[in-house]
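Structural overview for review
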Amino acid sequence: MSNLLDVEDLSVTFPTRSGEFEAVRGISFSLGRERLGIVGESGSGKSMTGRAVLGLIRPPGRVTATRMTMNGEDLRAASPRRMRAIRGKHISMIMQDPKYSLNPVMTVGRQITEALRTHEKVSQREAKARAIEMLDAVAIREPERVMRLYPHEVSGGMGQRIMIAMMLIPNPEILIADEPTSALDVSVQLQVLEIMDKLVRDRGMGLIFISHDLTLVSGFCDRVAVMYAGRIVEVCDAGRLHEAQHPYTRGLLNSVPDLEHPRDRLEALKRDPDWRSAPSVSALL
Amino acid sequence: MSAIDIRKLNVVFGDYEDRNHAVRDVTIAVERGESYGLVGESGSGKSTVLRALVGLVPEWSGEIAVLGEQQKPGPRRSHDFHRAVQMVFQDPYASLHPRHTVDQVLTETLRLHGLKGVDARIETLLDQVGLGGGYRFRYPHQLSGGQRQRVAIARALAPEPQILLLDEPTSALDVSVQAEILNLLGDLRRELGLTYLMVSHDLGVIGHMCSRIAVMQNGALVEELGVERMRRLEASHDYTRHLLDSALRSVRGGR
């Protein structure tokens, strides 16, 4: 058993006044020591997939799956206590906007050392030394000074690098990054992604990279799963994304304005109702 | 006569240690019927230029002339100005009143400008932005992000303006929806002969929409170039080259 994560027939449903709403409809995927991209528009269920794996869907939302295992351990049967231990230690998640995911009334240093000390028995002094080392690894200059800052005193790009440092310090095996750079400027985006990419590769972690940006994902992943209306419509190797077959994937690729290849009109996506009912493509390894 | 003529615009926020010189000596001339793009990172002052133009930033120095009419610092603008210049904001979730229907939003704008035949005009406006009459009595929460942005565009078009100021009109939308909105904006400009001044951090979007581009950094305009030169990547300023480079690398996929 070499896969980090195996998920089969995962569904996430929410009750609404007009009946059940299925945000994720029976998808299957696995994650090896690789970088898996999950791409789709807003509402396609990509974020819900990430949250379901971490057990972050609160009632009345419901998660069902025929199989959901991490290193062979059944996540469906894990107690809330066990899930708390898994989160951070084994699976970490980086959210979209550092403005909302960092605690505004705690210094950066305290937040990072807290993340470490929750999962490992280390002295305050050692935790601090490792936090500084980690900030250095995410290319933050003067880490000692940054440790004493509050989140509002750092820029967006720095905030996101601090989040990455915080999520990676307990050394998890799986990192779920949910739109980690969409709140950042283009010129900072690449830098943050390169740092994340390097750390993930050096540590041999598995990465699930959730984004709406197909081209960005294809550059930083090995495999890409394209989601539409709660299902996976296509899985392909990131390097061969331009050979994608599904009209939805093609539509997404063509709707991006390209600086070097100007067109009079952009291609608007024509949605086919059949895409919604077509069975989910398996992304199992 | 240019549609928009901005000379030596300076905007300063705060005093003493909080002093922030947000816009420094910016000079821009936008011709009638042109589509002009302002690019830069967050904090570069590009949105502040637009906000000073419409009076949302009351204190500035320099000269701003719109369709030949000199503007003075302060929040007040003439009635003609408000008819001629309209703005579309970034976030369609924040820029529509949550408890007003599409009909109320458009009626209010049309009444404010003293236009007759409100009922027929609303039908036309909704058709123009590709929404159709079925959306007329919906509330914003019953619309998707793209549909909301269409309503915001319809509202901007209501007083029959000559100039549209577009502040990141598609950055809150999915790429597929972005394509629809950009197509719509392109069509409207051709049909109605509008002038656009567009702010965006996305060089792909600006390159698609605009014929001339100004690059801003730390409040100053560092370079102005035509779209052809931008496409050939012939930027003379380092910062512009850096921006183009990151934009292209993210389009090509990072590697």
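Parameters at a glance
- Within each chain, residue numbers correspond to sequence positions counted from 1 in written order.
- Written order determines the labels here, with chains lettered from A and ligands numbered from 1.
- The model is predicted, so local features are restricted to residues of pLDDT at least 70 and side-chain atom pairs to those at 80 or more, both for listing and for counting; the totals for chains, interfaces and linings are taken over all residues.
- Hydrogens and water molecules were not included; the side-chain quantities draw on all heavy atoms of the structure.
- These domain limits were set by an automatic method or by a database of domain assignments.
- Two residues form a contact once any of their heavy atoms are found within 4.5 Å.
- We define buried area as the total accessible area lost by two parts upon association, computed with a 1.4 Å probe and summed across both.
- For this analysis, a salt bridge means a side-chain nitrogen from Lys or Arg found within 4 Å of a carboxyl oxygen belonging to Asp or Glu.
- Distance and chemistry together define a polar contact, namely a pair of N or O atoms within 3.5 Å, with one atom able to donate a hydrogen and the other to accept it when in protein, and with adjacent residues in sequence counting only for side-chain atoms on both sides.
- Under the scheme used here, helices are H or I runs from DSSP no shorter than 4 residues and strands are E runs no shorter than 2 residues, and both carry numbers assigned from the N terminus.
- The nonpolar class holds Ala, Val, Leu, Ile, Met, Phe, Trp, Tyr, Cys and Pro. Asp, Glu, Lys and Arg form the charged class, and all remaining residues, Gly among them, are polar.
- Relative accessibility decides the category of a residue: with a 1.4 Å probe and only protein chains considered, values under 20% of the type maximum give buried, values over 50% give exposed, and everything between is partly exposed.
- UniProt positions are given in the numbering used here, feature names are shortened, and annotations may be inferred rather than shown by experiment.
- Among buried residues, the Ala, Val, Leu, Ile, Met, Phe, Trp, Tyr and Cys ones that are joined through side-chain atoms within 4.5 Å form a nonpolar core.

All names here are of chain A. With domains assigned, chain A is organised as domain 1 (5–90 + 176–283) and domain 2 (99–171). Its C-alpha centre places domain 1 at a distance of 27 Å from the equivalent point of domain 2. Residue-level contacts link 15 residues of domain 1 with 14 residues of domain 2. Contact between domain 1 and domain 2 buries roughly 1200 Å² in total, counting both sides, with carbon and sulfur atoms accounting for 66%. Joining domain 1 to domain 2, the criterion identifies zero salt bridges. Counting across the interface, domain 1 meets domain 2 through four residue pairs in polar contact (both at pLDDT 80 or more). When residues of the side of domain 1 that touches domain 2 are traced back to their parent elements, those giving at least two are α2 (80–89) and α8 (186–202). Element by element, the count of residues in the side of domain 1 that touches domain 2 is highest for α8, at six residues. Among the residues making up the side of domain 1 that touches domain 2, the classes are represented as nine nonpolar, two polar and four charged.

Turning our eyes to something else, we now look at the interface of chain B and chain A. Every contact between the two is made by 33 residues of chain B and, on the other side, 32 residues of chain A. Between chain B and chain A lies a buried interface of about 2900 Å² when both sides are counted; carbon and sulfur atoms form 55% of it. Sorting the residues of chain B by area buried against chain A places D174, V175 and R231 of chain B first, and these three jointly supply 19% of that buried surface. The closest approach of N and O atoms between D187 of chain B and R265 of chain A, which form a salt bridge, is 2.6 Å. Mapped by element, the contributors of at least two residues to the side of chain B that touches chain A are α6 (175–192), α7 (203–209), α8 (227–231) and α9 (238–252) of chain B. Counting residues per element, the side of chain B that touches chain A draws most heavily on α6 of chain B, which supplies ten residues.

Moving on, we get to the environment of H246 of chain A. All names here are of chain A. Topologically, H246 is positioned in the loop between β11 (231–237) and α10 (247–254). Residue class for H246 comes out buried when judged on its relative accessible area of 16%. Put simply, H246 and H90 are 156 residues apart on the chain and 34 Å apart in space, counted from C-alpha to C-alpha. With residues near it in sequence (within four places) discarded, H246 still touches V233, E234 and W275. At 2.9 Å, the side chain of H246 and the backbone nitrogen of Y248 are in polar contact.

Glancing now at unusual backbone geometry. That bond from P59 of chain A to P60 of chain A is cis: its omega, 10°, falls within 30 degrees of zero. Structurally, P60 of chain A can be placed in the loop between α1 (46–53) and β4 (62–64). Its identity is not glycine, yet E179 of chain A carries a phi of approximately 50°, on the positive side. The phi dihedral of K8 of chain B is positive, around 50°, even though this residue is not glycine. Tracing the backbone through its elements, the reader meets K8 of chain B in strand β1 (residues 4–13).

Summarising the element assignment, Q189 of chain A is placed in helix α8. Side-chain polar atoms of Q189 of chain A contact the backbone oxygen of T181 of chain A, separated by 3.1 Å.

This next bit is on the pattern of salt bridges. Counting across every chain of the model gives 32 salt bridges over all chains. One salt bridge in this structure joins E41 of chain A and R271 of chain A, with 2.9 Å as the shortest N-O distance. Taken together, the residues span a long stretch of sequence, with E41 of chain A in the loop between β3 (35–39) and α1 and R271 of chain A in the loop between α10 and α11 (273–277) at a distance of 230 residues. Between R136 of chain B and D103 of chain B there is a salt bridge; the shortest N-O distance is 2.7 Å. Taken together, the positions of R136 of chain B in the loop between α4 (118–128) and α5 (145–157) and D103 of chain B in helix α3 (residues 102–112) put the pair 33 residues apart, joining distant regions of the chain.

A separate point is α2 of chain A. Within the span of α2 of chain A, buried status applies to M83, I86 and G88 of chain A. Packing partners of the buried residues in α2 of chain A comprise α1, β5 (67–70), β6 (73–74), β7 (91–94) and α4 (108–119) of chain A.

Attention now goes to the UniProt feature "domain: ABC transporter" (unreviewed entry) in chain A. In the numbering used here, UniProt assigns the feature "domain: ABC transporter" (unreviewed entry) to residues 5–254 of chain A. Helix makes up 39% of residues 5–254 of chain A and strand makes up 27%, while its end C-alpha atoms are separated by 32 Å.

Take the nonpolar core next. With 61 residues, the main nonpolar core has I112, L135, I162, L175, M196 and F209 of chain A as its most contacted residues. In this structure, this core is formed jointly by two domains, domain 1 (5–90 + 176–283) and domain 2 (99–171) of chain A, each of which donates at least three residues. What I112 of chain A contacts, discounting residues up to four positions off in sequence, is A131, L135, I162, A165, M166 and I169 of chain A. Grouped together as the second largest cluster of nonpolar side chains are 53 residues, V102, V151, I153 and L184 of chain B included.

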